Amino acid sequence: EVITSPFNYLSSIGGLMLFGNTAVFVDTHADLTVNPFTAKKAVTKKTKAVLAVDFAGNPHDTFEIRRLCDEFNLVYIADAAQSFGAKCFDIPASSLADVLIVSLTTGKTLSAGEGACILIRDPKLYEKLLHFTHPLRVQISLGLDKSPDLVYLNGRINPFSAILANRNF
């Protein structure tokens, strides 16, 4: 189970659900970000993470979500695609997350036409992400003679989009 807001974008939860996770939707604050107090009430033995989504430039309460995740030993995932450059009190939005995602698609604060940046604190989580998003890593770790039907996500940005993102940044 992953606790999140019902005001979400399919890309934010699609990858999680592809691998068999269940989204648990909780009430939000007036700014449509996850309410950490209703999120706390939704925690069960099956809960593994909280996905907090910043909405329309409004960052979620990163301090309270961090406390909640620490209390229940949950992974704190932040979708900061709509708050790039925003602050929560005096720190960058979502900067206390274990996994922070910033989208670079059209219409976002930093647009490159496609792609995203994923920042991860834990090296073990980083290796898991590489395993599921990079086909060559999957082949190497499982052996080249294994099934080609393995599900993975294409986690590579087009080089032109990467150049555009760097120039816009």
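Up top you'll find the structure we're talking about.
Residues numbered from 1 in each chain as written. Predicted model: local features only at pLDDT ≥ 70, side-chain atom pairs only at ≥ 80, totals over all residues. Heavy atoms only, no water.

(A) Representation of the packing of aromatic side chains. Tallied over the full model, the rule gives two aromatic pairs. Seen in terms of ring centroids, F7 and F55 are 6.2 Å apart; in terms of plane orientation they differ by 55°. Their pairing is tilted. Of this pair, F7 sits in the loop between β1 (2–4) and α1 (10–18) while F55 is found in the loop between β3 (49–53) and α3 (62–72), placing the two residues 48 residues apart along the sequence. Taking the relative accessible area as the measure of exposure, F7 reaches 41% and is therefore partly exposed. Ring centres 5.7 Å apart and planes at 50° place the aromatic pair F63 and F89 in the tilted group. Of this pair, F63 sits in helix α3 while F89 sits in the loop between β5 (87–88) and β6 (91–92), and the two are 26 residues apart along the sequence. Classification of F89 by relative accessible area gives exposed; the value is 68%. (Phe/Tyr/Trp six-rings, centres within 6.5 Å; stacked < 30°, edge-to-face > 60°. Helix = DSSP H or I, 4+ residues; strand = E, 2+ residues; numbered from the N terminus. Buried < 20%, exposed > 50% of the residue type's maximum accessible area, 1.4 Å probe, protein only.)

(B) Seen up close, the pattern of salt bridges. Taken as a whole, this structure holds four salt bridges when the rule is applied. A salt bridge links D98 to R66, with the nearest nitrogen and oxygen atoms 3.1 Å apart. Here D98, found in the loop between β6 and β7 (99–103), pairs with R66, found in helix α3; they are 32 residues apart in sequence, far enough to count as distant. In this pair, the class of D98 matches that of R66, namely buried. Each of R66, D70 and D98 takes part in salt bridges that share partners, so that together they form one network. (Salt bridge = Lys/Arg side-chain N within 4 Å of Asp/Glu carboxyl O.)

(C) The arrangement of the layout of surface pockets in detail. What the second largest pocket holds in volume is close to 300 Å³. Along the wall of the second largest pocket there are 20 residues; nearest its centre are A93, S95, L100, V102 and L119. Among the elements of the structure, β7 and β8 (116–120) are those that each provide at least two residues to the lining of the second largest pocket. (1 Å grid on protein atoms, 1.4 Å probe; cavity = no way out; pocket = protein on both sides within 12 Å on 5 of 7 lines; lining within 4 Å. Points joined across faces, edges and corners; volume = space filled by probe spheres on them.)

(D) Layout of the environment of K46. Turning to its location among the elements, K46 is positioned in the loop between α2 (36–42) and β3. For K46, a relative accessible area of 58% translates into the label exposed. In this structure the C-alpha to C-alpha distance between K46 and N21, which are 25 residues apart in sequence, comes to 9.8 Å.

(E) Broad picture of the sheet that holds β1. Reading across the sheet, the six strands line up as β2-β1-β3-β4-β7-β8 and stay open at both edges, with mixed pairing between neighbours. Among the strands making up the open sheet, the edge pair consists of β2 (23–25) and β8. Along the sheet, successive strands turn relative to each other by an average axial angle of 20°, direction set aside. Looking at chain direction, strand β4 (residues 75–79) and β7 are connected through three bridges and run parallel. By the bridge assignment for β7, D79 is matched with I101. (Pairing = 2+ DSSP bridges. Axes fitted to C-alpha atoms, helices over the stretch in contact; angles between N-to-C directions.)

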